[in-house]
Amino acid sequence: MARVLFEWDYSGYPGAKLYPHLFSPIQIGNIIVPNRIKYAATEDNLNSHDGFITDADVAYMRSRAEGVVGGMCFMQGVYMDKPGKGQGYVGQAACWDDKFIPGLKRIADAIHGEKAVAGFQLMDCGRVGAVNVESGHGPSTVPQRLRIFRPMYEMTKEEIKEMIQQHVDSARRGVEAGFDMIEISGIVGYLVSNFISKYTNRRTDEYGGDIRGRMQAVVEIIQGVKAVCGKDIPVGIRLCSEELLDDVRGNTPEESMQSYKIAEEAGVDYISCTLGWQESIYPVISRDIPQGNWLHLAKRAKSNVKVPIQMAYRLFTPDRPEKAIAAGELDVWEMCRPMIADPLMPKKVLEGRENEIRHCVACNLCLARLFRDAPMTCYINPLCAHEHDERIYPKPAEEKKTVMIVGAGPAGLECAYVAAQRGHEVHVYDKRQELGGTILDASRAPYGDDELMTCIGYQKTMCEKYGVQFHLGKEVTEEMISDELPDTVVLATGPVYRELGQAKGRAVNVLDVLNGKADVGDKVLVWGNRKPGIGVALYLAKKGKKVSLVGKEKSAGFDINPSFKWRYMIYLRQSGVNVYNDCDIESVGEGEIIVKTYDGYRFPLACDTVVISERDANEALKKAVQGEGIEMYVIGDALVPRNLSSAVHDGYRIGLRI
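Residues numbered from 1 in each chain as written. Predicted model: local features only at pLDDT ≥ 70, side-chain atom pairs only at ≥ 80, totals over all residues. Heavy atoms only, no water.

**Focus on the overall build of the protein**
Applicable threshold: Secondary structure counts use DSSP, requiring at least four H or I residues in a row for a helix and at least two E residues in a row for a strand, with both numbered from the N terminus. Based on C-alpha atoms, the radius of gyration is set beside the globule rule, defined as 2.2 Å times the residue count to the power 0.38. To sort residues, take the accessible area from a 1.4 Å probe on protein chains only and compare it with the maximum for the residue type: under 20% means buried, over 50% means exposed, and anything in between is partly exposed. By the convention used here, residues are in contact when the closest approach between their heavy atoms is within 4.5 Å. Accessible areas in this description were obtained via Shrake-Rupley with a 1.4 Å probe; residue shielding takes into account the shown protein chains only. For this count, His and the chain ends are skipped, Lys and Arg are scored as positive, and Asp and Glu as negative. In this description, the location of a charge corresponds to atom NZ of lysine, CZ of arginine, CG of aspartate or CD of glutamate.
In terms of regular secondary structure, the protein is built from 22 helices and 28 strands. Relative to a compact globule of 658 residues, whose C-alpha radius of gyration would be 26 Å, the protein shows 27 Å and is just as compact. Taking the principal axes of its C-alpha atoms as reference, the protein extends roughly 75 × 60 × 45 Å. Per-residue burial for the protein yields a buried fraction of 62% across its 658 residues. Put simply, 72% of the contacts in the protein that link residues at least 6 apart link residues at least 24 apart. Of the accessible surface of the protein, which amounts to about 25,100 Å², a share of 49% is contributed by carbon and sulfur atoms. Charge centroids of the protein, computed over 80 positive and 89 negative side chains, lie 2 Å from each other.

Rendered as structure tokens:
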């Protein structure tokens, strides 16, 4: 008889009425899970570099366990070999010895404390591993495509058997630590997927050859793990439904579906449907991919196997998985990045507070930090990875103040609701009639940048919740500051854009271009090769303009995290944008611009219009505030022109400080 670990009654909640399939129970193995929601295993680099669990990771997981409201919450994948060939992240949890069980139990207990199902993942990182050693292991010696990864060398049969036993032993430790489900990671280039793929498995023995041979090690892992888990602990596996490695002769979709069937035959209780590898040249999770784009793969998996199918990947809102579950095309909604951005996302859905969700903007900063050996943080969630630190939570202000915030962009709005939450009287002014600041314009750039506005939507809701007063269409002047004399002024006025006096009459502002206020000729030079310049260059290229991008940075997109930057570089090439890095504008002539390289070489570019995206700090109003002796903070691009993330984090921290 199936077990119910925790009783949950969703009948009185508005979200359960709106999304009845998401909040319906499902049987996985011998466990009844109250809903169809899962926080999927996600590395966070929050643990000690010798593999022990830290307070930071326990608090991080507890927060996500609260968010799944009775669903499944999986801790990060553990590495299982003492030498560390399978370790892919410096802060990855270890499980190669019984000494790690007490720390792992802290995670299981934290998840159970929130009445959620605790999941434990086994993850040898394979081609993405060996982070602390000179080389790693794999089924065959196949050169790395990505230079940041270590070389891999072919495992002997004895080493394969040892690796299989490591999975079994680690599963036993996970059960002893109190976890309710065990999951095998076989995705994105990790070791299990290396065995499955004909790109990385060139063996001719029983662990290679056709898809059944390439699945043999996986079958032995599944069977061994099932044996130590018994009938009460479900065992699942994450498998690629499409590797997206056609250019290097990876598995076909048909072979991937065969791997699903073989895993089912071996006894798995569910399959998490994934796609793509770290080495794939096709994007999977960046915001240029439409939301819901991959659901057809879950549907295909459902038609090939009978075990429950789980899926994440660009499913950021509950309506899409609800519809798919209702149609029988999906069984469980998995989340990684949406619950990094907002750990309470499913709880807010259940409680009818969807407008209070801080949505992920699919920037992949979290991923970029992992591969640079840094603790995970979030582009738009200042609390992420700091859940254990009481100093990061808003507390009532000792002295209630009247706060004037100048600028209703992401920095100003973030500061406003945090300060108001602490009890201050907060007034936000902006000369525009809309909230959003430069994000209003930036969101008009192509390839998914419209999703940036979800940040503004969240901030607006929180400001209204905590009583922030808006004064839109009202420009703050020095006289106004003198007249009102607030206790605190926060300058969130955004940057100022540089002038190009020589191009008078032909120079326009990047914001005016994006919001349609500027006339632009057919031959355009964009001055500035950071994200604002790239965004407007792509915007204009889509309109059929001939665009050149000129900037002083050594490479375009200096301010874009590397896990997303490569997408922009491809789009620039595909759009025919000519990029000139390490350059600046020297002079402006009739119908042309003279560009000077870093080493003094000069060349002309035909140009009808110059779009200025070069920015500087905004000094306006500072002297007026200082002259009145008012407490003052400068945040966001007004302080130093950067990006949306810096604006949000600036605003949050100053909101705590006032």
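There's more to say after this.
**Side note on the pattern of salt bridges**
Worth spelling out the cut-off: Throughout this description, the term salt bridge denotes a Lys or Arg side-chain nitrogen within 4 Å of a carboxyl oxygen of Asp or Glu.
According to the stated counting rule, one finds 46 salt bridges in the structure shown. A salt bridge links Asp-98 to Arg-172; its shortest N-O distance comes to 3.0 Å. Residue Asp-98 is located in the loop between β5 (72-78) and α3 (101-113), and its partner Arg-172 is located in helix α4 (residues 157-176); the two are separated by 74 residues in the primary sequence. With a relative accessible area of 36%, Asp-98 lands in the partly exposed category. Between Asp-205 and Arg-203 there is a salt bridge whose closest N-O contact spans 2.8 Å. The class of Arg-203 is buried, set by a relative accessible area of 9%. Taken together, the shared-partner salt bridges in this structure form one network comprising Lys-38, Glu-183, Arg-238 and Glu-334.

**Some points on the sheet that holds strand β1 (residues 3-4)**
The cut-off we apply is this: Strands pair, by our definition, only if DSSP identifies at least two bridges between them.
The strand order across the open sheet formed by 3 strands is β1-β3-β2, and the pairing between neighbours is mixed. The open sheet has two edge strands with one neighbour each: β1 and β2 (26-28). By the bridge criterion, 2 bridges tie β1 to strand β3 (residues 31-33) in an arrangement that is parallel. Along β3, the bridge assignment pairs Arg-3 with Ile-31.

**Observations regarding the pairing of strand β14 (residues 402-406)**
Counted only if it meets this: By convention a crossover is right-handed if, when the strands point away from the viewer, the path from the first strand over the helix to the second runs clockwise.
The buried count for β14 comes to 4 of 5 residues, which makes it a mostly enclosed element. Where the polypeptide runs from β14 across helix α14 (residues 410-421) and back to strand β15 (residues 425-430), its parallel neighbour, the crossover connection is right-handed. One ladder, built from 4 bridges, connects β14 with strand β17 (residues 488-491); its direction is parallel. Looking at the pairing, Val-406 lines up with Leu-491 of β17.

**Examining the domain arrangement of the protein**
How we decide: Delimitation of the domains relies on an automatic or database domain assignment. The term buried area means the drop in 1.4 Å probe accessible area that two parts suffer when joined, counted for both and summed.
For the protein, the assigned domains are domain 1 (37-370), domain 2 (394-491 + 643-657) and domain 3 (501-616). Of note, the centres of domain 2 and domain 3, computed from C-alpha atoms alone, are 30 Å apart. With 9 residues of domain 2 at the interface, the matching set in domain 3 holds 12 residues. Of the roughly 970 Å² buried at the junction of domain 2 and domain 3 (both faces included), carbon and sulfur atoms supply 63%.

**So, the packing of aromatic side chains**
Selection criterion: Note on ring pairs: Phe, Tyr and Trp rings are taken, using the six-membered ring of Trp, and paired if centres are within 6.5 Å. Classes follow the plane angle, with under 30 degrees stacked, over 60 edge-to-face and the rest tilted. Consider the ring centre and the ring normal. A charge sits over the ring if Lys NZ or Arg CZ is within 6 Å of that centre and within 35 degrees of that normal.
Counted by the stated rule, this structure contains 15 aromatic pairs. Ring plane angle 40° and centroid distance 4.9 Å describe the contact between Phe-120 and Phe-179, whose orientation is recorded as tilted. One end of the pair, Phe-120, is in strand β6 (residues 117-122); the other, Phe-179, is in the loop between α4 and β9 (181-186), and 59 residues separate them in sequence. Judged by its relative accessible area of 2%, Phe-179 is buried. A ring pair is formed by Tyr-199 and Trp-277, whose centres lie 5.9 Å apart and whose planes are at 55°; its orientation type is tilted. With Tyr-199 in the loop between α5 (191-196) and α6 (211-214) and Trp-277 in the loop between β11 (270-275) and α9 (295-302), this residue pair connects regions lying 78 residues apart in the sequence. Counting every residue linked through ring pairs, the aromatic cluster contains Trp-8, Tyr-10 and Phe-23. Seen from the ring of Trp-8, Lys-115 lies directly overhead, with NZ or CZ sitting 5.0 Å from the centre. Cation over ring: Arg-567 sits above Tyr-571, and NZ or CZ is 4.9 Å from the ring centre.

**Side note on unusual backbone geometry**
Positive phi, close to 60°, is recorded for Ala-130, a residue that is not glycine. Mapping Ala-130 onto the fold places it in the loop between β6 and β7 (136-138). Here Arg-314, not a glycine, exhibits a phi torsion of approximately 60°, which is positive. Position of Arg-314 among the secondary structure elements: in the loop between β12 (309-311) and α10 (319-326). Judged by its relative accessible area of 0%, Arg-314 falls in the buried class.

**Structural notes on the sheet that holds strand β22 (residues 578-580)**
This is how it is decided: Angles here are taken between N-to-C directions and fall from 0 to 180 degrees, while the axes themselves are lines fitted to C-alpha atoms, restricted in helices to the stretch in contact.
One open sheet holds the 5 strands; their spatial order is β19-β26-β20-β21-β22, and the pairing between them is parallel. The strands lining the two open edges of the sheet, one partner per strand, are β19 (507-509) and β22. Within the sheet, the average angular offset between the axes of one strand and its neighbour, ignoring direction, is 25°. Alignment of β19 against strand β26 (residues 609-612), held across 3 bridges, turns out to be parallel.

**Looking at helix α20 (residues 562-574)**
This is how the line gets drawn: Expected span, for any helix, means 1.5 Å times one less than how many residues it has. Distance and chemistry together define a polar contact, namely a pair of N or O atoms within 3.5 Å, with one atom able to donate a hydrogen and the other to accept it when in protein, and with adjacent residues in sequence counting only for side-chain atoms on both sides.
Taking 1.5 Å as the rise per residue, α20 with 13 residues should run 18 Å; its terminal C-alpha atoms sit 19 Å apart, in good agreement. Within α20 the residues assigned to the buried category are Ser-563, Phe-564, Lys-565, Arg-567, Tyr-568, Met-569, Ile-570, Tyr-571 and Leu-572. Considering only its buried residues, α20 is in contact with α13 (365-370), α19 (531-542), β21 (546-550) and β22. Near the N-terminus of α20, the side chain that reaches the backbone nitrogen of Ser-563, with its oxygen 2.9 Å away, is that of Asn-561. Phi turns positive, to about 75°, at Gly-576, one or two residues after α20.

**Observations concerning the packing of α4 against helix α7 (residues 216-229)**
If you want to describe how two helices pack, look at the angle between their axes and the distance between the axes. Just so we agree on the cut-off: Throughout, the term roughly parallel applies to angles under 35 degrees, roughly antiparallel to angles over 145, roughly perpendicular to angles from 65 to 115, and oblique to all others. For any pair of crossing helices, the crossing counts as left-handed if the nearer helix is rotated counterclockwise from the farther one by less than a right angle, and right-handed if it is rotated clockwise. Amino acids are sorted into nonpolar (Ala, Val, Leu, Ile, Met, Phe, Trp, Tyr, Cys and Pro), charged (Asp, Glu, Lys and Arg) and polar (every other residue, Gly among them).
Running from amino to carboxyl end, α4 crosses α7 at an angle of 30°, the nearest separation of the two axes being 9 Å. Comparing the axis directions of α4 and α7 gives the class roughly parallel. Taken as a pair, α4 and α7 cross one another with a handedness that is right-handed. Contacts from Ile-160, Lys-161, Met-163, Ile-164, His-167, Val-168, Ala-171, Arg-172 and Val-175 in α4 reach Ala-217, Glu-220, Ile-221, Gly-224, Val-225, Val-228 and Cys-229 in α7. A class-by-class count of the residues in the contact of α4 with α7 yields 11 nonpolar, 2 polar and 3 charged.

**Here's the deal with a negative patch on the surface**
Using the following cut-off: In this scheme, patches are assembled from residues that exceed 30% relative accessible area and form no salt bridge. Like charges are connected within 9 Å, while nonpolar side chains (Val, Leu, Ile, Met, Phe, Trp, Tyr) are connected within 5 Å.
There is a patch of like negative charges on the surface, built from Glu-478, Glu-479, Asp-483 and Glu-484. Looking at the secondary structure, you find Glu-484 in helix α17 (residues 478-484).

**With respect to the nonpolar core**
Going by this rule: Among buried residues, those of type Ala, Val, Leu, Ile, Met, Phe, Trp, Tyr and Cys that are joined through side-chain atoms within 4.5 Å constitute a nonpolar core.
In terms of nonpolar packing, the biggest core is built from 156 residues, with Phe-23, Met-75, Leu-104 and Phe-179 touching the most fellow members. Here this core takes 8 residues from α14, the largest share from any one element. For this core, the two domains that each supply at least three residues are domain 1 (37-370) and domain 2 (394-491 + 643-657). Apart from the residues within four sequence positions on either side, Phe-179 is in contact with Met-75, Leu-104, Ile-107, Ala-108, Ile-111, Ala-118, Gly-119, Phe-120, Gly-174 and Ile-233.

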